[in-house]
Amino acid sequence: MRILSGIQPSGTIHIGNYFGMVKKMIESQNDGELFAFIASYHALTSVKDKEFLEKNSYEAAINFLALGMDPEKSTFWIQHDVKEVLELYWILSNHTSMGLLERAHSYKDKTARGLVASHGLFSYPVLMAADILLFDSNIVPVGKDQIQHVEMTRDIATSFNHAYKKEILTLPVAKVDEEVATVLGTDGAKMSKSYNNTIDMFTTSKQRKKQVMSIVTDSKELDEPKEWENCNIYNISKLFMNEDELKDLQKRYLTPGEGYGHFKLTLLEKIEQYFKPYEEKREYFAANPKKVREILEFGAQKARKIASEKIKEIRDIVGLI
Ligand code: TYM
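It should be emphasised that the depicted structure is a prediction, and the values quoted were computed from it without experimental measurement.

### What about the overall build of the protein?
Along its length, the protein carries 13 helices and five strands. Here the C-alpha radius of gyration of the protein, 21 Å, is about what a compact globule of 321 residues would show, namely 20 Å. Along the first, second and third principal axes, the C-alpha set of the protein runs to 75 × 45 × 35 Å. Per-residue burial over the protein gives 38% buried out of 321 residues. The contacts of the protein with a sequence gap of at least 6 include a subset with a gap of at least 24, amounting to 77%.

### Section: the domain arrangement of the protein
Domain boundaries in the protein define domain 1 (2-182 + 288-318) and domain 2 (205-281). Using only C-alpha atoms to locate each centre, domain 1 and domain 2 end up separated by 34 Å.

### Things to note about the nonpolar core
With 79 residues, the main nonpolar core has Phe 64, Leu 88 and Ala 130 as its most contacted residues. Considering each element in turn, this core owes the most residues, eight residues, to helix H7 (residues 119-133). Among the domains, domain 1 (2-182 + 288-318) and domain 2 (205-281) are the pair contributing at least three residues each to this core. With sequence-adjacent residues up to four places away left out, Phe 64 is seen in contact with Val 22, Ala 36, Met 69 and Phe 76.

### A word on the UniProt feature "binding site: L-tryptophan" (unreviewed entry) in the protein
UniProt's feature table lists "binding site: L-tryptophan" (unreviewed entry) at Asp 131, given in the numbering used throughout. Inspection of the secondary structure puts Asp 131 in helix H7. In this structure Asp 131 comes out as buried when scored by C-beta crowding, with 26 C-beta atoms within 10 Å. In this structure, Asp 131 is in contact with Gly 6 and Val 85, ignoring residues within four places of it in sequence.

### Observations concerning the site of the ligand
Neighbouring the ligand are 26 residues; Gln 8, Gly 16, Gly 20, Gly 143 and Val 183 lie closest to it. Every element with two or more residues in the shell around the ligand is listed here: strand S1 (2-7), helix H1 (15-27) and H7. For the shell around the ligand, the residue count by class is eleven nonpolar, twelve polar and three charged.

### A look at H7
Look at H7: 21 Å from first C-alpha to last across 15 residues, which is about the 21 Å you get at 1.5 Å a residue. Considering bend angle alone, the principal kink of H7 is centred on Pro 125 and spans about 40°. When H7 is considered as a whole, its buried residues turn out to be Tyr 124, Pro 125, Val 126, Leu 127, Met 128, Ala 129, Ala 130, Asp 131, Ile 132 and Leu 133.

### Details of the pairing of strand S2 (residues 33-38)
The buried fraction of S2 amounts to five of the six residues, a majority that puts the element mostly inside the structure. Bridge count for S2 against strand S3 (residues 75-78) is four bridges, and the pairing is parallel. Looking at the pairing, Ile 38 lines up with Ile 78 of S3.

### Description of the UniProt feature "short sequence motif: 'HIGH' region" (unreviewed entry) in the protein
As annotated by UniProt and renumbered to match this structure, "short sequence motif: 'HIGH' region" (unreviewed entry) occupies residues 9-17. Between the end C-alpha atoms of residues 9-17 there is a gap of 11 Å, over a span that is 33% helix and 0% strand.

### Considering the environment of Arg 282
Structurally, Arg 282 is set in helix H12 (residues 260-287). On the basis of neighbour counts, which here come to 18 C-beta atoms within 10 Å, the residue Arg 282 falls in the partly exposed class. Spatially, the C-alpha atom of Arg 282 lies 28 Å from that of Glu 179, the residues being 103 residues apart in sequence. Discounting chain neighbours no more than four positions away, the residues touching Arg 282 are Ile 62, Asn 63, Ala 66 and Phe 202.

### Notes on the environment of Asp 316
Take Asp 316: it is sitting in helix H13 (residues 289-318). Expressed as a C-alpha distance, the spacing of Asp 316 and Phe 298, which sit 18 residues apart in the sequence, is 28 Å.

### Considerations on unusual backbone geometry
If you check the backbone angles, Asp 136 has positive phi at about 50° while not being a glycine. Tracing the chain through its elements places Asp 136 in the loop between H7 and strand S4 (139-141). Judged by local crowding, Asp 136 falls into the partly exposed class, with 16 C-beta atoms found within 10 Å. In this structure, Lys 165 is a non-glycine residue whose phi angle is positive, near 50°. Relative to the elements of secondary structure, Lys 165 occurs in the loop between helix H8 (147-163) and strand S5 (173-175).

### Observations concerning the packing of helix H10 (residues 232-240) against H12
A pair of packed helices can be characterised by two numbers: the angle between their axes and the separation between those axes. Two elements in contact, H10 and H12, have axes separated by 10 Å at closest approach and are oriented at 25°. When the interaxial angle is binned, H10 and H12 end up roughly parallel. Of the two elements, H10 crosses H12, and the hand of that crossing is left-handed. Seen from H10, the contacting residues are Ile 233, Ile 236, Ser 237 and Phe 240; seen from H12, they are Tyr 260, Phe 263, Lys 264, Leu 267, Lys 270, Ile 271 and Tyr 274. Residue composition of the contact of H10 with H12, grouped by class: eight nonpolar, one polar and two charged.

### What about the packing of H7 against H8?
Across the interface, H7 lies against H8 with an axial gap of 9 Å and an inter-helix angle of 75°. One finds that H7 runs roughly perpendicular with respect to H8. Judged by residue contacts, Pro 125, Val 126, Met 128, Ala 129, Ile 132 and Leu 133 of H7 engage His 149, Met 152, Thr 153, Ile 156 and Ala 157 from H8. Taken together, the residues of the contact of H7 with H8 sort by class into nine nonpolar, two polar and no charged.

Calculation criteria
Residues numbered from 1 in each chain as written. Predicted model: local features only at pLDDT ≥ 70, side-chain atom pairs only at ≥ 80, totals over all residues. Helix = DSSP H or I, 4+ residues; strand = E, 2+ residues; numbered from the N terminus. Rg over C-alpha atoms; globule rule 2.2 N^0.38 Å. Buried ≥ 20, exposed ≤ 12 C-beta atoms within 10 Å, placed from the backbone. Contact = placed C-beta atoms within 7 Å. Domains from an automatic or database assignment. Core = buried A, V, L, I, M, F, W, Y, C linked by C-beta atoms within 7 Å. UniProt positions renumbered as here; feature names shortened; annotations may be inferred. Near = placed C-beta within 6 Å. Nonpolar A, V, L, I, M, F, W, Y, C, P; charged D, E, K, R; others polar. Expected span 1.5 Å × (residues − 1). Bend = angle between axes of the 7 residues up to and from the residue. Pairing = 2+ DSSP bridges. Axes fitted to C-alpha atoms, helices over the stretch in contact; angles between N-to-C directions. Parallel < 35°, antiparallel > 145°, perpendicular 65-115°, else oblique. Left-handed = near helix turned anticlockwise from the far one by under 90°.

Right, dumping it as structure tokens:
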């Protein structure tokens, strides 16, 4: 069974990415053959700054490695090192209707937020389909916002297979964990790099404190009991606390005397504790960029081997002799 997913280096990786995808990817290394990549070509749809893209690509690699990505066991690379994906992207473009792409929520959301409606942004789902189909992926772990793209991948693959009367492309299935399908941000909306409502996975203590303290709450005073059900602090705490700790937190909400500031500090401590065990490894990779580059190149070699065989098979089927 092949498990594949990618992440765009279009900003700092936040806890929404972590619980929605990164954590599942790392854990799935024991369940099947894992393929994980940094979607650098995809990031070009929104990032037009060389230094920013380079820094975030590197950070994404370091973070995955620190969290336990095993480059021997799994295949871990950066998208632009395996160019076969661009060839498949073009071939698949001819099996993708305009109507299908016009229905993409992500494109509509991004252009509504002011991103330029470029051809790259519009055809983004076709590149994502190529990523998935090039490796005959069976399972694609993602957050809720990417489910539609995996569905589109199935549509494109079905159309291709039908045209050439052969089951050459494998239909993937999105794997979404309901509890963390959409992790909410500090303002209660979906946590997103583009909404400025993130809590980052690895950052300075000062920045993390700033992010946690910015969580939006209602205006209940210290001496009033508070509701935890729809509170943004509680929602994020659920990701980092066990049942006993959550029960304890619930009691604190109901007992007058403590304010939201106290609950935020408890959450901040939990988040710090959660990521602390990975920090040493992260620092090691941060100090060894050459090593990181070697690991990505090693992954790209493994990925290219599979990709070049698959693209050969596809060329043959379509008549590119
Ligand atoms: P990206 O970079 O936006 O996000 C990476 C992963 O994090 C998930 N995610 C979330 N999950 C829960 N709550 C949130 N608030 C949240 N925010 C983000 C996303 O669903 C995603 O799984 N198009 C992809 C990258 C990609 C890809 C692929 C993925 C390119 N090619 C092939 C799978 C297969 C994207 O932009 O993810």
